[in-house]
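Take a look at the letters that make up each chain.
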Amino acid sequence: MGKAEKVDVVIVGCGAAGSVYAAIFAEAGKRVLALEKGPGRKLTDLYSSQIWARRLKWGAPHVFEEGKDSIWYNFNAGHGYGGAAIHHYGVWPRYHPEDLQERTLYGKGLDWPVEYDQIRHYYDQVQEDVGMSGDAEKEIWRPPGAPYPLPPLPVFEHGNILAKGFTALDMHTSPIPVAILSQDYKGRPACIYDSWCDAGCPTGALANPLVEYFPRATQAGAVMQSDSYVSRVLLDRQGTRATGVEYFDGKGERHEQPADAVVIAAFTVENSRILLNSANDKHAGGLGNSSGALGQYLMSHPAVTIFGMFREDTRCYLGITGGQLFNQDPFAKEKNKDAFGSRQWEIGLGTKPNDLLGIAMSRADLFGDDLHKFVKQGSRHLGVMVGVCECLPDKTNRIELSNKQDKFGMPLARVTFNLDDNGRGLWHQAAEEGLEIFKAAGATEAWHSPPGGQHIMGGTIMGKDRETSVTNEYAQLHDVPNVIIGGPSVFPTASCVNSTFMAHAVAMRSAQHIAKHWNQLIIAL
Amino acid sequence: MTLSRRNFIKQSGLALTFTVAGKTMLLTPRQARAGNIPFAVLTPEEVSALETICDHLLPGARENGVAHFVDQQLTVDPNDSLLFIKYFNVEPPHVDFYKSALKEINLLSESIYGKGITAIDKAEAEKLIETLRDGKAADWNGPPSPLAYHILRNDAVDVVYGTMEGFEALDIPYLAHITPPRTW
Ligand SMILES: Cc1cc2nc3c(=O)[nH]c(=O)nc-3n(C[C@H](O)[C@H](O)[C@H](O)COP(=O)(O)OP(=O)(O)OC[C@H]3O[C@@H](n4cnc5c(N)ncnc54)[C@H](O)[C@@H]3O)c2cc1C
Ligand code: SF4
């Protein structure tokens, strides 16, 4: 066993949130060590292939999924430098102010401990840092904020064809807001619209963690360490402060890393699992679990993909993977008939022949010669868009420990997820509306996918009340405030909005605040 | 454009490392098949069953080396796996899934037609696949049959269409930023 030299901050996970924390703390002069369970990837390790892209996805330790619905954990999670965000699609809309006050405004869901105005500045900062493209004026639903630093991405045949359907139904479309460069920016090249984002963008056009915050962190002196699998947080005798973490290196050797503060940014399920596995006599139900809320309020956006065949050549293999146009007409939460919650459309997704979201999978019922015929036709004429729906926080959707263990003897995670009537209702509305839009756009045939799950949130939610939440507004555990949580696991509500922009904004706000009040918030605890 | 063999493998997007008698070779699954490269985890019967069912699911899968692709990938760490099964809630090691599914498919064929999967004709295979896909297989004791259908079907799609050759057959540009390296 090795016991290393103490650092100011040890970070668990070198993905989206971990990289932001690493950059901000290192730039504030803190000694930072970030431990990543997966390999130490570079941009040049990202190969354009849907098959090779699967190396970036989660494989182990296994997460047992129970309940009626799947959160598609292995698809939605990633490992290695960059985490899931290394192959994410960069669709970055903002949460709306009402998303953060659902309980107060509608008597549903939960309230965040912060309001939109307190987050807005960090959204603006992050979009400037990474170089977002979009059109703030045409995006008529967009909450207040600085205009995008870059003009929108161009719209190709695929987007134009589908936009006709929206127009015919009196619906609006805007360029999609993305963390992808429409022009060269800070030495990074503009996107070339080849639609390999799902395999990871190696040029730096898409703002994955390796492009902005990870290099900033290392330039400021942070050490990023791969093949280091963190198993639990270590505590002092009184159980009032964390003293570091335990981890296993690539050879299976156990280490202890002492630190003044611990940031857990290992994505939603692992965040809860590490805290549950850190239970001791002072924190019998898991670290940070005096409220009993640890692991609860797991959320995943119900998503429906609409497919259609068009006479025109859609060239659906071009563009960016995440879509060309955007619509939030069905966002108003109380206006969606029979179901509460918001919805949005990402329109004209770049689609390749194979993989889970590929052309062949869009008609999973076909095989043999029919499948050949379909893939051939679809490669030129398929239209694709995805409807993303809100999932309300429900404490029975949860992350717990399994009675099975990983190779180091630590219990694995098991998740229970059942979509409620709201989520299911919104999903059905989206499916129906999507087919209408495609027909109005001139599709010769249109169909939709079964329910899918996008983005995974909750489990370590923030809140004002320590009786009902796990962290405070700066993502510090109420019970042990020198443990800080990163990522969408701290979100108390899901909205229908993609989670990564908000995860960056929240991490930046917390890191800047904690760095500024370091002695008071961390040292003098 | 003419490609050298080495470049072709590099650009095909699906070159795998096979070790035979201590010697490491870089081959596409199609070449591994043509060169009779031995299998690591699947038995000859399982290989035949896998090739047959996949070729019915998407003609061309056999020739494109689906069995070598699957067999080789079943030997790697689950985090590094390139198999479609990785997305599903199936606890590794995935070799158990394949072995059990292939065994049950063969039994199903025997129970319906009185002969194994490799002996049935195209029309018989179509009916059998529909039974699998629709979860209607009687006395099925393997992983859920619709899941087995999806996994095997997508393995076939991967080797037929997931490569540069596949894109070329579809007449769409591949447009790679970085093609996969020779070894991995
Ligand atoms: C295909 C795909 C498309 C997506 N598209 C979008 C999109 O368009 N817009 C959007 O907003 N979001 C998108 N997302 C979601 C986005 O990737 C996540 O929201 C984001 O990455 C979460 O950030 P995180 O820091 O919490 O986790 P991650 O970025 O996943 O980072 C967590 C890191 O922690 C590491 N880790 C885990 N456990 C341990 C441990 N025990 N010890 C050490 N390290 C550990 C992991 O290996 C990983 O590297 C997409 C995701 C996927 C998979
Ligand atoms: S389409 Fe653009 S963002 Fe996506 S991989 Fe290609 S260059 Fe990168």
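Criteria and thresholds
- Residues numbered from 1 in each chain as written.
- Chains lettered and ligands numbered in written order.
- Predicted model: local features only at pLDDT ≥ 70, side-chain atom pairs only at ≥ 80, totals over all residues.
- Heavy atoms only, no water.
- Helix = DSSP H or I, 4+ residues; strand = E, 2+ residues; numbered from the N terminus.
- Buried < 20%, exposed > 50% of the residue type's maximum accessible area, 1.4 Å probe, protein only.
- Contact = heavy atoms within 4.5 Å.
- Near = heavy atom within 4 Å.
- Polar contact = N/O pair within 3.5 Å; in protein donor to acceptor, adjacent residues only side chain to side chain.
- Areas by Shrake-Rupley, 256 points an atom, 1.4 Å probe, with all protein chains shown as cover.
- Nonpolar A, V, L, I, M, F, W, Y, C, P; charged D, E, K, R; others polar.
- Buried area = accessible area lost by both parts, 1.4 Å probe.
- Salt bridge = Lys/Arg side-chain N within 4 Å of Asp/Glu carboxyl O.

Q: With reference to specific residues and values, describe the overall build of chain B.
A: Counting its regular elements, chain B contains eight helices and two strands. Starting at the N terminus and walking to the C terminus, you meet the elements of chain B as α-β-β-α-α-α-α-α-α-α. Burial status across chain B gives 52% buried among its 184 residues. Put simply, 57% of the contacts in chain B that link residues at least 6 apart link residues at least 24 apart.

Q: How would you summarise the site of ligand 1 if you had to cite specific residues and measurements?
A: All names here are of chain A. Looking at ligand 1, there are 39 residues lining it, with Ala17, Glu36, Ala84, Val91 and Thr500 nearest. In this structure, an oxygen atom belonging to ligand 1 sits 2.8 Å away from a main-chain N or O atom of Ala17. Between ligand 1 and the protein, one listed contact pairs an oxygen atom with a backbone N or O atom of Ala84 at 2.8 Å. Taken by itself ligand 1 offers 990 Å² of open surface, and the protein chains cover 98% of this. Elements with a minimum of two residues in the shell around ligand 1: helix H1 (16-27), helix H2 (73-76), strand E7 (228-235) and helix H7 (268-277). Looking at which element gives the most residues to the shell around ligand 1, the answer is E7, with three residues. Considered class by class, the residues forming the shell around ligand 1 number 17 nonpolar, 17 polar and five charged.

Q: Please give an account of the interface of chain A and chain B that cites residues and values.
A: Tallying the contact residues gives 51 residues for chain A and 51 residues for chain B. Carbon and sulfur atoms make up 62% of the surface buried where chain A meets chain B, a total of about 4500 Å² over both sides. Among the residues chain A hides against chain B, the three largest losses belong to Trp52, Arg54 and Phe367 of chain A. Together they make up 18% of the total. There are three salt bridges connecting chain A and chain B. Here Arg54 of chain A makes a salt bridge to Asp158 of chain B, at a shortest N to O gap of 2.6 Å. Listed by contribution, the elements that provide at least two residues to the side of chain A that touches chain B are strand E4 (63-66), H2, helix H8 (359-362) and helix H9 (369-381) of chain A. No other element matches H9 of chain A, which puts seven residues into the side of chain A that touches chain B. When its residues are assigned to classes, the side of chain A that touches chain B shows 25 nonpolar, twelve polar and 14 charged.

Q: Go over the pattern of salt bridges with me, naming the residues and quoting the values.
A: Close approach of charged atoms lets side chains of opposite charge pair. Taken as a whole and judged by the stated rule, the model has 39 salt bridges over all chains. Salt bridges sharing partners connect three or more residues here, namely Glu27, Asp129, Lys186, Glu212 and Arg216 of chain A.

Just geometry here; none of it tells us what the structure is for.
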